[in-house]
Amino acid sequence: MNRTFLLALGVLVVVAGFILKGSLFTVHQAQQALVVQFGEPRRVITEPGLNFKVPLVQDVIYFDKRILGLDAQPEEILTTDRRRLVVDSFVRYRIVDPLLYYQSVRTEALLRNNLAPSVANALRGAFGKLDAIAIVSGDRPAAMLAVSNVLDADAARLGIDIVDVRIKRADFPDTISQAIFRRMQTEREREAKEQRATGFELGEKIRADAERQRTVLLADARKQSEILRGEGDASRTKIFAQAANQDPAFYAFYRSLQAYSKALQQADTTMILSSDSEFFRYFTESPGAPAPKR
């Protein structure tokens, strides 16, 4: 009897433990919870702590109270200057109404499907009023405020609060970017050719000026050398003349020796002259003897 009672008591304690465990749940500080019964919402818990629910009948769905992020798909926008830009953005939001959030979207995937079109329309509406330079340069605070205002109305029906909307990147499409790159490359090549042509022209001017200066210097040097050579010849002639006037016989003898040296340079030189020729005078006479009278 006692054994049966203890066994029954043990079973009751185990069952009670399972029931107690299934009826208790904890909500942390970064969470908020929604208690549902057979899929129907019953109550919302936003404060942290230990709470109770009906076991096996009610379930608890947890939602994050922290700021969450949603990366929107890049959108192609037509600006006021008829240029196409690809704008990549992200949204930061917080779940403020778990019940409405559960009733409208339930999961983040469904939230993305509901909020992404609103983000795209808001971006097109706000950025379509700006030109490409204003968007790319970052001068867009008013446009971002307009996007946030549009999203606030859509976010209210989803049970979330839009904290911030930011642009990660705003750039031209790949095809346009390649065309711009090619145009920039062509422009740089044109500038390089102009620089090279200017440098070549300047080089030719410098070379021509250097050649002109070289020609002038050579001409001046040649002129100066001719002047010096002429002065040297004049001085030499003057010296020879003075020497000849001092000793005419010796000068005549010296001139004859020079003539012999030039005329008799080769051993096989043959000269046919009269024996009493003036050319052979110093072969028979001394240098100081007077020249014979003819």
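See above for the structure.
About the criteria used
Residues numbered from 1 in each chain as written. Predicted model: local features only at pLDDT ≥ 70, side-chain atom pairs only at ≥ 80, totals over all residues. Heavy atoms only, no water. Helix = DSSP H or I, 4+ residues; strand = E, 2+ residues; numbered from the N terminus. Buried < 20%, exposed > 50% of the residue type's maximum accessible area, 1.4 Å probe, protein only. Contact = heavy atoms within 4.5 Å. Areas by Shrake-Rupley, 256 points an atom, 1.4 Å probe, with all protein chains shown as cover. Lys, Arg positive; Asp, Glu negative; His and termini not counted. Salt bridge = Lys/Arg side-chain N within 4 Å of Asp/Glu carboxyl O. Polar contact = N/O pair within 3.5 Å; in protein donor to acceptor, adjacent residues only side chain to side chain. Patch = residues over 30% accessible without salt bridge, like charges linked within 9 Å, V, L, I, M, F, W, Y side chains within 5 Å. Core = buried A, V, L, I, M, F, W, Y, C linked by side-chain atoms within 4.5 Å. Expected span 1.5 Å × (residues − 1). Bend = angle between axes of the 7 residues up to and from the residue. Pairing = 2+ DSSP bridges. Axes fitted to C-alpha atoms, helices over the stretch in contact; angles between N-to-C directions. Left-handed = near helix turned anticlockwise from the far one by under 90°. Nonpolar A, V, L, I, M, F, W, Y, C, P; charged D, E, K, R; others polar.

1. Side note on the overall build of the protein chain
Step number 1: Along its length, the protein chain carries eight helices and nine strands.
Step number 2: By residue count, 23% of the 294 residues in the protein chain fall in the buried class.
Step number 3: Considering only residue pairs separated by 6 or more positions, the protein chain has 61% of its internal contacts joining residues 24 or more positions apart.
Step number 4: Carbon and sulfur atoms make up 58% of the accessible area of the protein chain, which totals about 20,700 Å².

2. Some remarks on the side chain of K53
Step number 1: Mapped onto the elements of the fold, K53 is located in the loop between β4 (49-52) and β5 (58-64).
Step number 2: Within the buried set, K53 has no salt-bridge partner at all; the shortest N-O distance to an opposite charge, 5.1 Å, is to D59.
Step number 3: Among the polar contacts listed, one links the side chain of K53 to the backbone oxygen of Q58, at a separation of 3.2 Å.

3. Comments concerning a nonpolar patch on the surface
Step number 1: Taken together, the side chains of F240, F250 and Y254 present a nonpolar region at the surface, about 300 Å² in accessible area.
Step number 2: Mapped onto the secondary structure, Y254 falls in helix α7 (residues 248-263).
Step number 3: Owing to a relative accessible area of 34%, Y254 belongs among the partly exposed residues under this scheme.

4. Regarding the nonpolar core
Step number 1: Judged by nonpolar contacts, the single largest core of 35 residues is most densely connected at F127, I160 and I162.
Step number 2: Contributions of two or more residues to this core are made by β2 (31-37), β8 (84-95), α2 (98-104), α3 (108-127), α4 (132-136), α5 (141-156) and β9 (160-171).
Step number 3: The leading source of residues in this core is α3, at seven residues.
Step number 4: Those residues in contact with I162 that lie beyond four places of it in its chain are V91, R92, Y93, L115, L151, D152 and A155.

5. Let's talk about α5
Step number 1: Its 16 residues place the ends of α5 23 Å apart at the C-alpha level, agreeing with the 22 Å of an ideal helix rising 1.5 Å per residue.
Step number 2: The elements touched by buried residues of α5 are β8, α3 and β9.

6. Some remarks on α3
Step number 1: Its 20 residues place the ends of α3 27 Å apart at the C-alpha level, agreeing with the 28 Å of an ideal helix rising 1.5 Å per residue.
Step number 2: Residue L115 marks the point of greatest curvature in α3, where the axis turns by about 30°; the proline P117 follows within four residues.
Step number 3: When α3 is considered as a whole, its buried residues turn out to be L111, L115, S118, V119, A120, A122, L123, A126 and F127.

7. Thoughts on the pairing of strand β3 (residues 40-45)
Step number 1: Note that β2 and β3 share five bridges and pair antiparallel. Each bridged residue has a counterpart across the sheet, and for V35 the counterpart in β3 is R43.
Step number 2: Linking β2 back to β3 in an antiparallel pair, the connection comprises two residues, with F38 at a positive phi of about 55°.

8. Some remarks on the sheet that holds β5
Step number 1: Within the open sheet, the three strands sit side by side as β3-β2-β5. Their pairing is antiparallel. The strands lining the two open edges of the sheet, one partner per strand, are β3 and β5. Taken pair by pair, the neighbouring strands of this sheet meet at an average axis angle of 30°, ignoring direction.

9. Section: the pattern of salt bridges
Step number 1: For the coordinates displayed, the defined rule picks out 12 salt bridges.
Step number 2: Measuring nitrogen to oxygen at the nearest pair gives 2.9 Å for the salt bridge that ties R66 to D64.
Step number 3: Look at R66 and you get exposed, because its relative accessible area is 54%.
Step number 4: We note a salt bridge from E204 to R207, for which the minimum N-O separation is 2.6 Å. Residue E204 and its partner R207 are both found in helix α6 (residues 174-246); the two are separated by three residues, about one turn of the helix.

10. Describing the packing of α3 against α5
Relative placement of two packed helices is described by the angle separating their axes and the distance separating the axes.
Step number 1: Direction vectors running N to C along α3 and α5 enclose 145°, while the axes themselves pass 9 Å from each other. In the packing of α3 onto α5, the handedness of the crossing is right-handed. Together, S118, V119, A122, L123, A126 and F127 of α3 and A143, M144, A146, V147, V150, L151 and D154 of α5 make up the contact between the two elements.
Step number 2: Taken together, the residues that form the contact of α3 with α5 break down as 11 nonpolar, one polar and one charged.

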